[in-house]
There are 2 protein chains.
Amino acid sequence: MSQKINTDALKNLSREELIEKLQNYQQQIAGFRVAQRKTNTLFYIMRNLSQELELDSLLKLVMDEVKDILQADRCTVFLLDDEKDELWSKVGHGLENFEIRFPKSKGIAGYVATTGEVLKIDDCYNSPYFNPEIDRKTGYRTRNMLTVPMRNKKMEVIGVFQVLNKRSGIFTDEDVRMLEAIAPIAAVQLENAQLYVDLRHTFESFILTLSKIVDARDPLTAGHSYRIMLYGDIIAKKAGWSRKKREELKTAALLHDLGKIGIRDNVLTKTTRLTAEEYEHVKSHVSFTRSFLEQIYFSREYKQVARIAAAHHERLDGAGYPDGLKGDEIPPGGRILAIADIFDALTSKRHYRDRMALQKVIHILIDGAGKIFDAEFVGYFMQISLLKLVRILEHNSPQKLPEEELKILAHHTLSDLKKSSLENHAWTKVFFKYYLREYQEK
Amino acid sequence: MSQKINTDALKNLSREELIEKLQNYQQQIAGFRVAQRKTNTLFYIMRNLSQELELDSLLKLVMDEVKDILQADRCTVFLLDDEKDELWSKVGHGLENFEIRFPKSKGIAGYVATTGEVLKIDDCYNSPYFNPEIDRKTGYRTRNMLTVPMRNKKMEVIGVFQVLNKRSGIFTDEDVRMLEAIAPIAAVQLENAQLYVDLRHTFESFILTLSKIVDARDPLTAGHSYRIMLYGDIIAKKAGWSRKKREELKTAALLHDLGKIGIRDNVLTKTTRLTAEEYEHVKSHVSFTRSFLEQIYFSREYKQVARIAAAHHERLDGAGYPDGLKGDEIPPGGRILAIADIFDALTSKRHYRDRMALQKVIHILIDGAGKIFDAEFVGYFMQISLLKLVRILEHNSPQKLPEEELKILAHHTLSDLKKSSLENHAWTKVFFKYYLREYQEK
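Residues numbered from 1 in each chain as written. Chains lettered and ligands numbered in written order. Predicted model: local features only at pLDDT ≥ 70, side-chain atom pairs only at ≥ 80, totals over all residues. Heavy atoms only, no water.

Glancing now at the overall build of chain A. Scanning chain A from N- to C-terminus turns up 18 helices and 6 strands. Taken over C-alpha atoms, the radius of gyration comes to 31 Å for chain A, far larger than the 22 Å a tight globule of 442 residues would show. Over its C-alpha atoms, taken along the principal directions, chain A stretches across nearly 110 × 60 × 40 Å. Expressed as a percentage of its 442 residues, the buried residues of chain A come to 50%. Within chain A, contacts between residues separated by at least 24 positions form 61% of all contacts whose residues are at least 6 apart in sequence. Between the averaged position of the 66 positive side-chain charges in chain A and that of its 62 negative side-chain charges there is a distance of 2 Å. (Helix = DSSP H or I, 4+ residues; strand = E, 2+ residues; numbered from the N terminus. Rg over C-alpha atoms; globule rule 2.2 N^0.38 Å. Buried < 20%, exposed > 50% of the residue type's maximum accessible area, 1.4 Å probe, protein only. Contact = heavy atoms within 4.5 Å. Lys, Arg positive; Asp, Glu negative; His and termini not counted. Charge placed at Lys NZ, Arg CZ, Asp CG, Glu CD.)

Have a look at this one:
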């Protein structure tokens, strides 16, 4: 209907008027095209960002997208830590694997975070804002940069975007507008990811602290669950487990002795031999751990936590407890924890015995492989580097480890300690002489 | 430049050709307008959804937005619970405050979730798919409906959208396309919210279970922390605290006695009078709770948990412990917990005494108001309805409460029990005679 009216209206126009109208339409269409391209870009970036709830991955994604869209060489997102009034960034281009952190009052990023202003610098080395110190340290040459504040829905600045070195020329006003449009989208997603990571951090620190307290009811088991977690994770990594499966295992490891809350303290710290009744009471901690963990709501990815934790005293031959499971009936995570648990128990002092010589412990594991312990997982555990092992064994020690001297241990594994006549090697000297005297075969 | 070329090209066109081109452009512009409107709608909905990480609020938001955009009377989102193979919905239009749940194999939503097909029904009462049973129950008249599957980024169906009764006419093909475009956007946000809610659920069930276990080390304090949490929340609600502040208080309430893990069990369950040394040992649980909680990473909104939990034995006059804080030095949450804690302790059996008569407990609180306890919070606590009180006091009781008879208690508060000559009231008969005989003044 409206189409018809327009057609009629056109008939009364002169040729010049028609051409003018046509040019007008062409401009409109060009405008629509530009707007559509921009909207599509924003839509695309919003959709991509919304699919990532892990903060680190999200930061990387944001920076990659912005770098591409603005045709820049580098992009960094600095987030505001408003408890400490600091800006920080972890995974920016050119700073893989380390975290940058500085006061909110410092630098260009700090200026933008504080004032909320956009700062476009077309020639860094001729700008009073620019501090060439960082380039001098990194060897990077910053030509131009664009820094834009990131605000959340309450309009609070939560961080800044910093884009370096437009691939050709300098950043345009259109680049500024684009980055200003992207900033609030990224802000929302980053706040969500922060909430999620904060909650996970709370939960993880909670179970870690709890495990430490439970272990510390007996001073001799202090740090036990934490070490089990580290040993277990080393095995799982070597076995190629996914991050999620390893998280589940680590949770089970930290909580495997939680049931000790229910064990009488006089039995827990008894220095003489336990009576049969007392031994049964101690053994009941596993069932107690299970019933505790079964009351907890775990999401799908953590559903096996109770089962794994409850299986750390099972044996391949069915002679373990509490269920006397055999072979494959024991969940893989439980078979890993059984190895980690016995290793840590034997290499720790107990009320009724001293730390066991490390070579003897190795023989117990290898003798038990296929009978008591899962042979494959024992194999992986034997591949643990002695450097890692020393760090775990000594992590509670007040003495600082001389890292320089330890380096040599990175090239040797637990397996290497099986061999006889170790005395002549430089690495065994480091291993035994300085840090682990008490583990030495007597 | 391109503009110039076009202008030159136009000069060679005839009038008819110019008009044809103009009409062509008009159509293009109309197409751009429609596309832009759709993109804007999707952009708008994506931005709105991305700002909500709370599952319930997000579901409500999704349904409100879709209802408006599709000009429908109702919209419901059913989510797939793939552990149970059920569909569920909690806050759909027309089902405020209760959860619908049914097998994935049932109904139109189930059909769409199972097959992944879109189902558009223009006349429900003449459709073999439609089950008029629900209308019969709810009194609603469904004329037409549109049901669309919701897929996540892995293309798995995670739920369905169901829209009822287009405001005028029936749902169009354009409506179908719009809902199909909205579905994956909503799916991503719902999955994020689900992850977050799952993790919170895990954390909450963890601290709840832990608090129960700590309390249960002494059978007589079983359920103590849980009741403190309920009492404390009632006071905070009446004081108008925000949801977040209440969550922090509830966390502190559940964890306030965590330090009892560090108390020797023979002291904890001693039936005779404690020695001075033993009493000091018991008192140390508060400092232990604090040092435990201080090791935990809490996000900004939970930063006061340790301080609040550690203040539950402080007194307004400074005679409390562990810090002997006075008046406003005690955090408000701590002042609330002090009231909740003493109330629950006195109304519970102890090794060395029976439950205290409720009227005596009330007098202790009122006498202490302004000296030991915060007078304002005592005032709020006195306003607790007796119905709520009975439910909390008896929540561990194996006997089922006869709800019908209890109703009368909803209209009376703890404060009403202060009055003398209560014997003649119907509600005091219910309160004392059936459920709380032991609280009666002897």
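Moving on, we get to the packing of helix α2 (residues 15-50) of chain A against helix α3 (residues 55-69) of chain A. Residue and element names in this part refer to chain A. Remark: α2 packs on α3, axes separated minimally by 10 Å, with the N-to-C direction vectors making an angle of 165°. Looking at the two axes, α2 sits roughly antiparallel to α3. In this structure, α2 meets α3 at a crossing whose hand is right-handed. Together, T41, Y44, I45, N48 and L49 of α2 and L58, L61, V62, E65, V66 and I69 of α3 make up the contact between the two elements. Among the residues forming the contact of α2 with α3, the class breakdown is 8 nonpolar, 2 polar and 1 charged. (Axes fitted to C-alpha atoms, helices over the stretch in contact; angles between N-to-C directions. Parallel < 35°, antiparallel > 145°, perpendicular 65-115°, else oblique. Left-handed = near helix turned anticlockwise from the far one by under 90°. Nonpolar A, V, L, I, M, F, W, Y, C, P; charged D, E, K, R; others polar.)

All right, on to the pairing of strand β5 (residues 145-151) of chain A then. All names here are of chain A. Extensive coverage of β5 is indicated by the burial of 6 of its 7 residues. Direction of pairing for strand β4 (residues 119-121) relative to β5: antiparallel, over a ladder of 3 bridges. Bridging from a neighbouring strand, K120 pairs with L146 of β5. Sheet analysis places β5 next to strand β6 (residues 157-166), joined by 7 bridges and oriented antiparallel. The residue bridging L146 from the neighbouring strand is V163, located in β6. Following β5, the chain reverses through 5 residues before pairing antiparallel with β6; M155 in that reversal takes a positive phi of roughly 70°. (Pairing = 2+ DSSP bridges.)

Rotating chain A by 180° and translating it 0.1 Å along the rotation axis places it on chain B, where the RMSD comes to 0.3 Å. What the superposition gives is, in effect, a two-fold axis relating one chain to the other. (Least-squares fit on C-alpha atoms with pLDDT ≥ 70 in both.)

Next up on the list: helix α7 (residues 224-238) of chain B. Residue and element names in this part refer to chain B. Counted at 1.5 Å a residue, the expected span for α7 with its 15 residues is 21 Å, and the 21 Å between its end C-alpha atoms agrees. The buried fraction of α7 is high, at 11 of 15 residues. Residues of α7 that are buried include every one of H224, S225, R227, I228, M229, Y231, G232, D233, I234, I235 and A236, and no others. Those residues of α7 that are buried lie in contact with α6 (173-216), α8 (243-255), α13 (332-346), α15 (375-382) and α16 (386-393). The first or second residue beyond α7 is G240, which carries a positive phi of 80°. (Expected span 1.5 Å × (residues − 1).)

Residue and element names in this part refer to chain A. Judged by pairing direction, the sheet is antiparallel, and its 6 strands sit side by side in the order β3-β2-β1-β6-β5-β4 without closing on themselves. One side of each edge strand has no neighbouring strand; the edge strands of this open sheet are β3 (100-103) and β4. Strand-to-strand twist across the sheet, computed as the mean angle between neighbouring axes with direction ignored, equals 20°. The strands touched by α3 within the sheet are β1 (72-81), β2 (86-89) and β6, with β1 carrying the most contacts at an inclination of about 140°.

For the rest of this paragraph, the subject is the interface of chain A and chain B. A common way to state how big an interface is: give the accessible area lost once the parts meet. Between chain A and chain B, the residue contacts involve 67 residues of the former and 68 residues of the latter. Each partner contributes to the roughly 6,900 Å² buried at the junction of chain A and chain B, and carbon and sulfur atoms together form 68% of this total. Sorting the residues of chain A by area buried against chain B places A:F32, A:F206 and A:Y297 first, and these three jointly supply 11% of that buried surface. Here chain A and chain B share 4 salt bridges between them. For B:D82, the salt bridge is made with A:R300, and the minimal N-O distance between the two is 3.4 Å. Taken together, the connections running from chain A to chain B amount to 17 residue pairs in polar contact (both at pLDDT 80 or more). (Buried area = accessible area lost by both parts, 1.4 Å probe. Salt bridge = Lys/Arg side-chain N within 4 Å of Asp/Glu carboxyl O. Polar contact = N/O pair within 3.5 Å; in protein donor to acceptor, adjacent residues only side chain to side chain.)

Further remarks concern unusual backbone geometry. Geometrically, the link from A:Y321 to A:P322 is a cis peptide bond, its omega value of 5° lying close to zero. As for its position among the elements, A:P322 is in the loop between α12 (305-309) and α13 (332-346).

A word on the packing of aromatic side chains. Tallied over the entire structure, the rule returns 24 aromatic pairs over all chains. Between A:F298 and A:Y302, the aromatic rings sit 6.5 Å apart at their centres with planes inclined by 25°, giving stacked as the arrangement. The structure contains a cluster of three or more aromatic residues connected by ring pairs, namely A:F203, A:F206, A:F292, B:F203, B:F206 and B:F292. When the ring centre of A:Y321 is taken as origin, the NZ or CZ atom of A:K283, which lies over that ring, is 4.8 Å away. The ring of B:Y297 carries the charged tip of B:K303 above its face, separated from the ring centre by 5.2 Å. (Phe/Tyr/Trp six-rings, centres within 6.5 Å; stacked < 30°, edge-to-face > 60°. Lys NZ or Arg CZ within 6 Å of the ring centre and 35° of its normal.)

Let's shift gears to the pattern of salt bridges. All names here are of chain A. Inspection of every chain in the model, using the stated rule, returns 52 salt bridges over all chains. Between E278 and K270 there is a salt bridge; the shortest N-O distance is 2.5 Å. Through salt bridges that share partners, E54, R200, E204 and R243 make up one connected network.

The next subject is the sheet that holds strand β1 (residues 72-81) of chain B. Residues and elements named next belong to chain B. Strand order in the open sheet formed by 6 strands is β3-β2-β1-β6-β5-β4, with antiparallel pairing between adjacent strands. The open sheet has two edge strands with one neighbour each: β3 (100-103) and β4 (119-121). Neighbour to neighbour, the strand axes of the sheet diverge by 20° on average, direction disregarded. Strand direction decides the pairing type here: β1 and strand β6 (residues 157-166), joined by 7 bridges, are antiparallel.

Residues and elements named next belong to chain A. Of all residues in chain A, 93% have pLDDT values of 70 or greater, and the mean over the chain is 88. Low confidence marks residues 1-5, where pLDDT is under 50. Its contacts with residues over four positions away, or in another chain, come to 3 contacts. For this predicted complex, the interface confidence comes out at an ipTM of 0.83, alongside a pTM of 0.85. (pLDDT = per-residue confidence, 0-100.)

Proteins that are soluble and globular tend to have nonpolar side chains buried together. A:F206, A:L389, A:L414, B:F206, B:L389 and B:L414 are the most contacted members of the largest nonpolar core, which has 124 residues in total. Apart from the residues within four sequence positions on either side, A:L389 is in contact with A:Y231, A:F343, A:L358, A:I384, A:L414 and A:F431. One finds A:M63, A:V77, A:A186 and B:L42 within the second-largest nonpolar core, a separate group that totals 68 residues. (Core = buried A, V, L, I, M, F, W, Y, C linked by side-chain atoms within 4.5 Å.)

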